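# Coordinate analysis (summary)
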Amino acid sequence: MLDHSQMANAIRALSMDAVQAANSGHPGMPMGMADVATVLFSDFLKYNPSEPNWPDRDRFVLSAGHGSMLLYSLLHLTGYPGMDMDQIRNFRKLGAKTAGHPEYGHAEGIETTTGPLGQGIATAVGMALAERMQNTKHGDAIVDHWTYVIAGDGCLMEGLSHEAISFAGHLKLNKLILLWDDNHISIDGSTDLSVSDDQVARFKASGWNTARVDGHDAQAIAAALSDAKQSDRPTMIACRTIIGYGSPNKQGTSAVHGAALGDDEIKATREALGWSHPPFTIPDDIAAMWKSAGARGHDDYNAWKKSSTALSATDLARLDDPIDEDVLGQITAAVVALKKGFSAEGKAIATRNSNKMTLDALVPLIPGIVGGSADLTGSNGCITSSSKAVTPTDYSGNYIHYGVREHGMAAAMNGMALHGGVVPYSGTFLMFADYSRGAIRLGALMGKRVVHVMTHDSIGLGEDGPTHQPVATLASLRAIPNINVFRPADSVEMAECWEVALSTKTTPSVMSLTRQNLPCVRGDHTDENLSAKGAYVLRETDGARDVTLIATGSEIEIAMEGAKLLEADGVKVAVVSMPCWELFGAQSADYQNQVLGDAPRIGVEAAVEFGWRQWLRPADAFIGMTGFGASAPYKELYEHFGITGKAIAEKAKELMK
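In this report, we go over the structure that sits alongside the text. (Residues numbered from 1 in each chain as written. Predicted model: local features only at pLDDT ≥ 70, side-chain atom pairs only at ≥ 80, totals over all residues. Heavy atoms only, no water.)

## A short note on unusual backbone geometry
One non-glycine residue with positive phi stands out, namely Phe 280, at about 60°. As for its position among the elements, Phe 280 is in the loop between helix H11 (263-273) and helix H12 (284-294). The residue Asn 482 is not glycine, and still its phi comes out positive at about 60°. Note on placement: Asn 482 falls in the loop between helix H20 (473-478) and strand E13 (484-486). (Helix = DSSP H or I, 4+ residues; strand = E, 2+ residues; numbered from the N terminus.)

And the structure:
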């Protein structure tokens, strides 16, 4: 029989030794939750270190990511590839897989990036939802696994946790189990300094099954987990623990939360735990116990492997990524057909509406695509003629009503993308990116394909006023690395942007779309996806340019008006459409110079100037917003704020003097 206490102490020893060697980190949580983690990885979690990415493995999420040494210790002890003792020794060192907080892609077994508290809970909700949806599609023999989360007090204090907990309870995601490290300690001291919530009652109120256990009683932990697996609802198990368990002078205090124990206290802890082994040393018998625990999933994997032979090679691959070369080909063909239709009809259409028209054509082609909206279904254009709602009693749909939970929605989409088999997109207003930014940023850091449709993207939304007019939001999103922010000028660019977003596997996308109608500026059809290069010359002039107008989205219409006024006065004007700064920035210097030219430039966007100077030289000009918007019909607002064709023409003449 495996010796639970010795196995748990191996986690404690590795955690305190690694933090001490780094002189940085959080030993308290791993030491306190070692018993819970040992039970989970020894007796419940379905995993196979030799096949770490098999689709039907259980998912383990360490939402309390500051306790990363708990996860790294488990991965090392159970035999995950690449997590040797040198990685543990080099905790928090440059180039090590063992970063300060778990980072997806650094090592097998790290299912998601965590650290910003609460994100792991909300991401796990997305994983659990994806599992239920894929189970409905493929059956128990192919998809039937659990999602486990370890969360701390800080995770539950973050507002994001409320969105996630409420959503999971509503959808009755019964294969989600959250283990709360109820240690009563935060960085500042006892949690009663700042919170007095009854967390168990809170989860119950959101429709969860709940339990309380002694987090250092292995039998009680195992019994609670067994009971949880019989529930028809998600389960929260409150594990009453002692932070820094085993440290004679620091356990149960904030002193062990986020700092190394120190040599003397580590020596005392070794004595208290009966752990006489040197730093970074696991005795052979204890190592064998852990390797035995890690080997437990081999039979499960082999059974799944046998069952998976019922799937074609294509369907098996789509359990990971539903968009293969065949699907990409269908997407491209559909986009070309859409563009032909949009160009031929030449109708003025709000890009939120051409978004829906594009999705109407694309969604039936893409297995695993799942849309949704944060209670703005009628406004975002994300629901299609082939959409079916996901409900607590039917997970076979492809459209999710997230409610007013923008942050939870974005994090859940990250979880769905991480789970595999799902291509998530959803809609809200661009202004509310301020609510979901934390999850959007983590999606970019992890490099997952998630599409955030964000409409009502400027003063063009009109009467709702400055509370809803996102003058600085574009700049803030563009500042995040590895995000493509698309702002299409018309229905043709809208279709092109979707093709790029779906074909980009390692980058999330934001679709910044209008409420107001925009004319079709691409009347001459071309099969080539011009938006794929980020910017292109929409309107060229004969001979050398006198001025180049650069605009995005709804301001292309205004730039074209300015060009006509200037042309009437004999000025040679080119208009550049720049639907995606990030893609244009990735092009060669030769292509960028060809598009932008040498003539004076004017940038035009109904947003603040911040960031535009990468495309504009010191002598060039910008026409846009310098402050917040106002409440009025949108045409009056453009006139009021001086974003007009006339203003462009006047500014161009000033530059040419």
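## Notes on the pattern of salt bridges
Summed over all chains, the structure comprises 29 salt bridges. Residue Asp 321 is joined to Lys 505 by a salt bridge in which the shortest nitrogen-to-oxygen separation is 2.6 Å. In this pair, Asp 321 is assigned in the loop between helix H14 (313-318) and helix H15 (325-345) and Lys 505 in the loop between helix H21 (491-503) and strand E14 (509-512), connecting sequence segments 184 residues apart. Assessed through its relative accessible area of 39%, Lys 505 is described here as partly exposed. Its salt-bridge partner being Asp 434, residue Arg 437 comes within 2.3 Å of it at the nearest N-O pair. With Arg 437 and Asp 434 both in helix H19 (residues 433-446) and three residues apart, the pair spans about one turn of that helix. (Salt bridge = Lys/Arg side-chain N within 4 Å of Asp/Glu carboxyl O. Buried < 20%, exposed > 50% of the residue type's maximum accessible area, 1.4 Å probe, protein only.)

## Some thoughts on the side chain of Glu 406
Position of Glu 406 relative to the elements: it lies in helix H18 (residues 406-419). Summary of buried charges: Glu 406 has no salt-bridge partner, and the nearest side chain of opposite charge, Arg 405, is 9.1 Å away. Not counting chain neighbours up to four residues away, the residues in contact with Glu 406 comprise Glu 163, Ala 374, Thr 428, Phe 432, Tyr 435 and Ser 436. (Lys, Arg positive; Asp, Glu negative; His and termini not counted. Contact = heavy atoms within 4.5 Å.)

## Description of the sheet that holds E14
Reading across the sheet, the six strands line up as E10-E9-E11-E12-E14-E13 and stay open at both edges, with parallel pairing between neighbours. Each of the sheet's edge strands pairs with one partner strand only, and the pair in question is strand E10 (399-401) and E13. Going from strand to strand, the sheet's axes swing by 20° on average, the running direction of each strand aside. Where strand E9 (residues 369-373) and E10 come together, three bridges link them in parallel fashion. (Pairing = 2+ DSSP bridges. Axes fitted to C-alpha atoms, helices over the stretch in contact; angles between N-to-C directions.)

## Remarks on the packing of aromatic side chains
Under the definition given, this model contains 18 aromatic pairs. On the basis of an interplanar angle of 85° and a centroid distance of 5.7 Å, the ring pair of Tyr 425 and Trp 498 is categorised as edge-to-face. Taken as a pair, Tyr 425 in strand E11 (residues 423-429) and Trp 498 in helix H21 lie far apart in primary sequence, 73 residues in all. Comparing Tyr 425 with Trp 498, the two get one shared label, buried. Ring centres of Phe 429 and Phe 432 lie 5.8 Å apart, and the angle between their planes is 20°; on these two criteria the pair is classed as stacked. Accessibility assignment for this pair places Phe 429 and Phe 432 in one class, buried. Ring-pair connections join several aromatic residues into one group, and the members of that group are Trp 581, Phe 584, Tyr 591, Trp 612, Trp 615 and Phe 622. One residue, Arg 478, lies across the ring of Trp 581, its end atom 3.8 Å from the ring centre. (Phe/Tyr/Trp six-rings, centres within 6.5 Å; stacked < 30°, edge-to-face > 60°. Lys NZ or Arg CZ within 6 Å of the ring centre and 35° of its normal.)

## Things to note about the pairing of strand E2 (residues 147-151)
Counting buried positions over the five residues of E2 gives five, a clear majority of the element. Here E2 shows two buried faces, one formed by Thr 147, Val 149 and Ala 151 and the other by Tyr 148 and Ile 150. With five bridges connecting them, E2 and strand E3 (residues 176-182) associate as parallel partners. Of the residues in E3, the one forming a bridge with Ala 151 is Trp 180.

## Quick look at H18
Counted at 1.5 Å a residue, the expected span for H18 with its 14 residues is 20 Å, and the 20 Å between its end C-alpha atoms agrees. Among the 14 residues in H18, 14 count as buried, and that is most of the element. (Expected span 1.5 Å × (residues − 1).)

## Comments concerning the environment of Leu 328
Counting through the fold element by element, Leu 328 comes out in helix H15. Along the primary structure Leu 328 and Gln 592 are separated by 264 residues, whereas in three dimensions their C-alpha atoms are 27 Å apart. Not counting chain neighbours up to four residues away, the residues in contact with Leu 328 comprise Ile 323, Leu 502 and Ser 503.

## Brief notes about the sheet that holds strand E17 (residues 547-551)
Spatial ordering of the open sheet is given by E16-E18-E17-E19-E20, a layout of five strands whose pairing is mixed. Taken across any chain shown, the strands that pair with only one partner, and hence form the sheet edges, are strand E16 (536-539) and strand E20 (621-625). Taken over all neighbouring pairs, the strand axes of this sheet differ in orientation by 30° on average, direction set aside. In terms of strand pairing, E17 meets strand E19 (residues 601-608) through four bridges, oriented parallel. Counted as the bridge partner of Ile 550 is Gly 603 from E19.

## Here we look at the packing of helix H1 (residues 4-22) against helix H3 (residues 34-44)
The axes of two packed helices give the description: the angle between them and the distance between them. Between H1 and H3, whose axes approach to 9 Å, the crossing angle comes to 115°. For the pair H1 and H3, the crossing hand works out as right-handed. Residues His 4, Met 7, Ala 8, Ile 11 and Arg 12 of H1 pack against Ala 34, Asp 35, Ala 37, Thr 38, Val 39 and Ser 42 of H3. Considered class by class, the residues forming the contact of H1 with H3 number six nonpolar, three polar and two charged. (Left-handed = near helix turned anticlockwise from the far one by under 90°. Nonpolar A, V, L, I, M, F, W, Y, C, P; charged D, E, K, R; others polar.)

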